[in-house]
Every structure is written in C-alpha cells, then in structure tokens.
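Per-entry structural report
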Amino acid sequence: RTGLIKVDFQLTDHQLLCTIEDNGPGINATQHSNTNSGHHSLGASITQNRIDLINSMQEQQISIEIINKKNIDAASSGTIVKISFPVMREEDITN
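Here's what I pulled together on the structure shown here. (Residues numbered from 1 in each chain as written. Predicted model: local features only at pLDDT ≥ 70, side-chain atom pairs only at ≥ 80, totals over all residues. Heavy atoms only, no water.)

**Considerations on the pattern of salt bridges**
Just so we agree on the cut-off: What counts as a salt bridge is simple: a side-chain nitrogen of Lys or Arg found within 4 Å of a carboxyl oxygen of Asp or Glu. The helix count covers DSSP runs of H or I at least four residues long, the strand count covers runs of E at least two residues long, and both are numbered beginning at the N terminus. Burial classes follow relative accessibility: with a 1.4 Å probe on protein chains only, a residue under 20% of its type's maximum area counts as buried, one over 50% as exposed, and anything between as partly exposed.
Overall, the coordinates contain one salt bridge when judged by the stated rule. Across the pair E21 and K69 runs a salt bridge whose closest N-O atoms are separated by 2.9 Å. Here K69 lies in helix α3 (residues 69–72) and E21 lies in strand β2 (residues 15–22), a separation of 48 residues in the sequence. Note on K69: relative accessible area 14%, which makes it buried.

Here it is, written out as structure tokens:
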C-alpha cells in the first residue's frame, strides 16, 4: 500500500487553516502499536504545549484538531490534523 499525505491551506478573512491528511493506520492504531513496543510519543503533547504557550501571549488563538478517519468512516484509515492560525491583516494592525 502506498502512503499518501495531503496538505491543504485555506485563507479566510481572519484565519489560515492548514489541513494535513494521511492514509496511514490512524492515530489510535499508532498509539496502540507504540504502547506495545514500549515507545511513548511526546510529539502531540509537545506541540500542544507550544500552542498553549503562544495562545497565552496573544488574544487571537491557534487551535489544533486531530481526527481519526475511522471515527468518520469505519472503512477509512488515516488521520486528519487541522491547525487554525489567526491572521492579522494590515488594516487590523493600523486601526
């Protein structure tokens, strides 16, 4: 099976949404496999800690959502990660 990673960016008036989607085994399967091997991944918690730190210093908030595609469709596999960044336009800064 060939791995696939899709990255998409959407810009609205006040948000930049980055969506990353893959067709891997999914976040739950990966966590289960890592538990069995004794490996404990810190990537997601480190990323969340960084986002929390940035959010504590600014009014506009960054958000992250991690979706197991099996929860949407049992026949699907993979993970969708959505990261939303606030966008300040020049007119927002000057006003």
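Let us keep going from here.
**Some points on the pairing of strand β1 (residues 5–11)**
Short version of the rule: Whether two strands pair depends on DSSP finding at least two bridges between them.
Sheet analysis places β1 next to β2, joined by seven bridges and oriented antiparallel. Looking across to β2, one finds that V7 is bridged to I20. Linkage of β1 to β2, two consecutive antiparallel strands, is achieved through a turn of three residues.

**Section: the sheet that holds β1**
Inclusion rule: Axis definition: a line fitted to C-alpha atoms, limited for helices to the stretch in contact. Angles are taken between N-to-C directions and run from 0 to 180 degrees.
Taken in spatial order, the four strands make up an open sheet running β1-β2-β4-β3, and their pairing is antiparallel. What marks the edges here is a single partner per strand, and that holds for β1 and β3 (63–68). When the angles between neighbouring strand axes are averaged without regard to direction, this sheet yields 15°. Where β2 and strand β4 (residues 79–86) come together, seven bridges link them in antiparallel fashion. The partner of E21 across the bridge, within β4, is I80.

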